[in-house]
Structures are given as structure tokens and as C-alpha cells.
Amino acid sequence: MRPSKQKSRTMRRVFKKTPGGRKTVDYVLRKPKKLVCSNCGRELHGIPRLRPGKLSKTPKTMKRPERPYGGILCSSCSRRRLIDSARSK
Ligand SMILES: [Zn+2]
């Protein structure tokens, strides 16, 4: 019997070619889901899809756009939100 990780789809399968020309299968942990805008649900850009261990080692500036609502709202929703907040003052 093979280990369960090779049977289940918990691990992602990556097909690789060795220097000797053989094909092998690597079992890699899956990436987390893409972050989405909390207002419209569109996919957020400028955010790395890393596992928590690696994410803790990356600088904060590389984890989200450096603007108000960066990493929470998409660019068009944050623009809308900023304009609305300026008008309501
Ligand atoms: Zn949005």
C-alpha cells in the first residue's frame, strides 16, 4: 500500500522531469484561496498566495497594496469608498 497522501488529493501533484530524463511526481501542499473584495467579491491583486509559515516571513508591504482599504477592497471599490467618505464630510 502507498501512503495516503499519494492516493488522496490533499496534496497537489507536480509532474517533474529529472536530470536523467525520468518523469517523477512531487507532492506539494496546496495554495490557499485567492482573496476577494469584501464589497463586490472580485479577486484582489497584489496579494501573494502563500501558506501561513511563508506569509509570516514576507514583509507587510509585500502582502497588500499600501493604500486605504488595501487588501480588503478592490481598487474600484476603494476609490468609490474614498470619494463617498470625502463627500459626506
Ligand atoms: Zn470591489
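These notes cover the structure that comes with them. (Residues numbered from 1 in each chain as written. Predicted model: local features only at pLDDT ≥ 70, side-chain atom pairs only at ≥ 80, totals over all residues.)

### Notes on the overall build of the protein chain
Just so we agree on the cut-off: Helix and strand definitions follow DSSP, with helices as H or I runs of at least four residues and strands as E runs of at least two, each counted in order from the N terminus. Each radius of gyration is computed over the set of C-alpha atoms, and the globule rule expresses the reference value as 2.2 Å times the number of residues to the power 0.38. Partly exposed residues are those whose C-beta has more than 12 but fewer than 20 other C-beta atoms within 10 Å; with 20 or more the residue is buried, with 12 or fewer it is exposed, and the C-beta atoms are placed from the backbone. Contacts are defined on C-beta atoms placed from the backbone: any two residues whose C-beta positions lie within 7 Å are in contact.
Assigned secondary structure in the protein chain consists of three helices and two strands. Element order for the protein chain, N to C, with α for helix and β for strand: α-β-β-α-α. Taking 12 Å as the expected radius of gyration for a compact globule of 89 residues, we find that the protein chain reaches 20 Å, considerably beyond that expectation. Principal-axis analysis of the C-alpha atoms gives the protein chain an extent of 65 × 25 × 25 Å. A total of 89 residues make up the protein chain; the buried ones form 2% of that total. The contacts in the protein chain between residues at least 6 apart in sequence include a share of 21% that link residues at least 24 apart.

### Considerations on the pairing of strand 1 (residues 11-17)
Heads up, the rule is: DSSP-based pairing: two strands are paired if at least 2 bridges between them are found.
Where burial is concerned, little of strand 1 is hidden: zero out of the seven residues are buried. The turn joining strand 1 and strand 2 (residues 23-29), which pair antiparallel and follow one another in sequence, is formed by five residues; a positive phi near 95° is taken by G21.

### Examining the pairing of strand 2
Of all seven residues making up strand 2, only zero are buried, and the element is barely covered by its neighbours. Here seven bridges tie strand 1 to strand 2, and the two strands are oriented antiparallel to one another. Considered in strand 2, the bridge of K17 is made with K23.

### So, unusual backbone geometry
Positive phi values are uncommon outside glycine, yet Y69 reaches one of about 65°. Looking at where Y69 falls in the secondary structure, it is placed in the loop between helix 2 (52-55) and helix 3 (75-88). C-beta crowding within 10 Å serves as the criterion here: with 18 such atoms nearby, Y69 is assigned to the partly exposed category.

### Overview of helix 3
The periodicity of an α-helix, 3.6 residues per turn, causes residues three or four positions apart to be oriented the same way. Which entries qualify depends on this criterion: By definition here, a helix of n residues has an expected span of 1.5 Å times n minus one.
With 14 residues, helix 3 extends 20 Å between its outermost C-alpha atoms, agreeing within 8% with the 20 Å of an ideal straight helix rising 1.5 Å per residue. Taking burial as the measure, the 14 residues of helix 3 include zero buried ones, a minor fraction of the element.

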